[in-house]
Amino acid sequence: MDTGKWPVPVTLKGTHASLVPLAPLHSAELAEASADGDLHTLWYTSVPSPTAVPAEIERRLSQPNMTAFAILDPSGRAIGLTTFMNTDAANRRVEIGSTWYRKSAQRSPINTECKLMMLRHAFEELSCIAVEFRTHFLNHQSRRAIERLGAKLDGVLRNHTIMANGTLRDTAVYSICEHEWPAVHANLRHKLDQNR
């Protein structure tokens, strides 16, 4: 089925997790995931509340420059969301973002493996020249996770967006370039071999 999206929705399978095209059928499990740790109450993130999950799924599916995935654990349960977003087919660039995992899945090999699968797809299947990551400047946990991948800080967009609570977000922008992919791949593979 041609959705007109780039990248087209695909399924990416790993040992610790799988990424499948996001669908409304994931709503109940993702609502439960959002409730785990009350992730939606963190002011510096945009995790939907459990009751807002269906609308968030619909929003992500309706965006022309976003290819959304449900993150499944080995049992097939949806435990989070991630996307290729701000996609630019002409310049072969994507951003990996709007990612969140249920609290009990954080600080596990799942994020490492999901990012490895998405980066491999971006660089080896889509021939991307760069993959970008963005996060709130004050979201130190997210920034550490991005840096742990091997991404480099490109800069900070000051007063970039207005958050739901009215505060202004400074956005830290990171990227991995095509020529860096072999070293990043080796680093992520090593982390997974160490079960990190």
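Note that the structure is predicted; figures quoted are calculated from it, not measured.

Another aspect to go through is the environment of proline 24. Among the secondary structure elements, proline 24 is positioned in the loop between β2 (18–21) and α1 (27–35). Along the primary structure proline 24 and lysine 5 are separated by 19 residues, whereas in three dimensions their C-alpha atoms are 18 Å apart. The residues contacting proline 24, other than those within four sequence positions of it, are Ile57 and Leu61.

All chains considered together, the criterion is met by zero disulfides. No disulfide involves cysteine 128; its sulfur sits 11 Å from that of cysteine 177, the nearest cysteine. Given a relative accessible area of 0%, cysteine 128 falls into the buried group. Cysteine 177 gets classed as partly exposed once you look at its relative accessible area, which sits at 26%.

Right, let's get into the nonpolar core. Counting 33 residues, the largest nonpolar core has Leu19, Ile71, Ile110, Cys114, Leu119, Val131 and Phe133 as its most contacted members. If near-sequence neighbours (up to four positions away) are discounted, phenylalanine 133 is found in contact with Glu95, Ile96, Lys115, Leu119, Ile146, Leu149, Ala151, Ala172, Val173, Tyr174 and Ile176. Ranked by size, the runner-up nonpolar core spans 15 residues in total, among them Leu39, Ile57, Ala78 and Leu81.

What counts, and at which threshold
- Residues numbered from 1 in each chain as written.
- Predicted model: local features only at pLDDT ≥ 70, side-chain atom pairs only at ≥ 80, totals over all residues.
- Heavy atoms only, no water.
- Helix = DSSP H or I, 4+ residues; strand = E, 2+ residues; numbered from the N terminus.
- Contact = heavy atoms within 4.5 Å.
- Disulfide = S-S within 2.5 Å.
- Buried < 20%, exposed > 50% of the residue type's maximum accessible area, 1.4 Å probe, protein only.
- Core = buried A, V, L, I, M, F, W, Y, C linked by side-chain atoms within 4.5 Å.

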